[in-house]
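Here are the chains, one letter per residue:
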Amino acid sequence: MSGIQLIAVAAAFGLPIPLASIARSAGRERFHLAVCHWLGAGLLLLLALDSAEKLQDGTFTFQKALPMQLCDWALFACAAALLFRSQAAFDLAYFWGIGGTLQALFTPAIGADLQWWRLAGFFAIHAGIVAGVLYLLLARKFRPHPSSILRVVAWSEIYLAAALAVNRWTGGNYGFLREKPATHSMLDYLASDHWLYVLELNGMAILFFLALYAPWFAVDRARRPETD
């Protein structure tokens, strides 16, 4: 990992814990709201700055710079959950952020030869999504519910259809649905045939969602006898 990537990973996991501890202290509601507003607005600002930088250096193209990566949708969901305390938005942020953005944080599909500020922006955005989700989990006890699985699967299928359509229109590779990323990732183990690859990728995402819900399912099952 590069130094910038290490800092981003450390911030993604290290910052939510003390912030949540302070927010959960008595009389800290204003602090909690401030953290949510700063994190939510900060994510949107980082995305805007990244887009502005691409416009300035001429790399903002329909093929690469539209907000059609799954992490872009995770960012919008996370910002909405933070700013509006929306359970529906949190559900998407949790599954897309932990299931997808976290992988991008550890195995980034980005060129290492980019300017340091572009690399910093990429990692700050992805770390911010993970940090926002963890903060809501720890500070306000947001958590997924059985209905969350149905919601995230439905929205994921909507994203899949939208990304395939945009890829066909632009020739882009949003969601890595046209081809696998050049950098090493779990997608390397999927099929080479395009439509079989898309089906496998879709199935793998659903398995990740189920795995991310499994701890909550186990907790609910363990608590059930206490309420019988």
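Model, not experiment: these values are computed from the prediction. (Residues numbered from 1 in each chain as written. Predicted model: local features only at pLDDT ≥ 70, side-chain atom pairs only at ≥ 80, totals over all residues. Heavy atoms only, no water.)

Asker: Break down the pattern of salt bridges for me, with residues and values.
Answerer: The tally for this structure, following the rule as stated, stands at five salt bridges. A salt bridge links glutamate 29 to arginine 140; the shortest N-O distance between them is 2.1 Å. Within this pair, whereas glutamate 29 is found in helix H3 (residues 29–57), its partner arginine 140 is found in the loop between helix H6 (116–139) and helix H7 (146–170), the two being separated by 111 residues in sequence. The partner of aspartate 50 in a salt bridge is lysine 54, and the shortest N-O contact between them spans 3.1 Å. Placement of both aspartate 50 and lysine 54 in helix H3 is noted, with a separation of four residues, approximately one turn of the helix. Like lysine 54, aspartate 50 is buried. (Salt bridge = Lys/Arg side-chain N within 4 Å of Asp/Glu carboxyl O. Helix = DSSP H or I, 4+ residues; strand = E, 2+ residues; numbered from the N terminus. Buried < 20%, exposed > 50% of the residue type's maximum accessible area, 1.4 Å probe, protein only.)

Asker: Tell me what's going on with the nonpolar core, and back it up with residues and numbers.
Answerer: Grouped together as the largest cluster of nonpolar side chains are 60 residues, with contacts concentrated most on Met68, Phe90, Tyr94, Phe95, Leu105, Val133 and Tyr135. Of the residues forming this core, the biggest block, 13 residues, is contributed by H6. Once residues lying within four places of it in the same chain are set aside, the contact partners of phenylalanine 95 are Gly100, Pro144, Ser148, Ile149, Val152, Phe209, Leu212 and Tyr213. (Core = buried A, V, L, I, M, F, W, Y, C linked by side-chain atoms within 4.5 Å. Contact = heavy atoms within 4.5 Å.)

Asker: Can you lay out a nonpolar patch on the surface for me, pointing to particular residues and giving the numbers?
Answerer: Together, Met1, Leu6, Phe13 and Phe106 make up a nonpolar patch on the protein surface, roughly 390 Å² of accessible area in all. Residue placement: phenylalanine 13 occurs in helix H1 (residues 3–14). (Patch = residues over 30% accessible without salt bridge, like charges linked within 9 Å, V, L, I, M, F, W, Y side chains within 5 Å. Areas by Shrake-Rupley, 256 points an atom, 1.4 Å probe, with all protein chains shown as cover.)

Asker: Give me the packing of H3 against H6: which residues, what numbers.
Answerer: In contact at an axis separation of 10 Å, H3 and H6 are set at 160° when each is read in the N-to-C sense. Taken as axis vectors, H3 and H6 run roughly antiparallel relative to one another. As for how H3 packs across H6, the hand of that crossing is left-handed. Residues His32, Val35, Cys36, Leu39, Leu43, Leu46, Leu47, Asp50, Glu53, Lys54 and Asp57 of H3 form the contact with H6, whose participating residues are Trp117, Arg118, Ala124, Ile125, Gly128, Ile129, Gly132, Tyr135, Leu136 and Ala139. Each residue belonging to the contact of H3 with H6 can be placed in one class, and the counts come to 13 nonpolar, three polar and five charged. (Axes fitted to C-alpha atoms, helices over the stretch in contact; angles between N-to-C directions. Parallel < 35°, antiparallel > 145°, perpendicular 65-115°, else oblique. Left-handed = near helix turned anticlockwise from the far one by under 90°. Nonpolar A, V, L, I, M, F, W, Y, C, P; charged D, E, K, R; others polar.)

Asker: Kindly report on H7, identifying the contributing residues and their values.
Answerer: Between the first and last C-alpha of H7 there are 36 Å, a value that for 25 residues agrees with the 36 Å anticipated at 1.5 Å per step. The set of residues buried in H7 consists of Ser148, Ile149, Val152, Ser156, Tyr159, Leu160, Ala163, Val166, Asn167 and Thr170. Glycine 171 lies just past H7 and shows a positive phi near 80°. (Expected span 1.5 Å × (residues − 1).)

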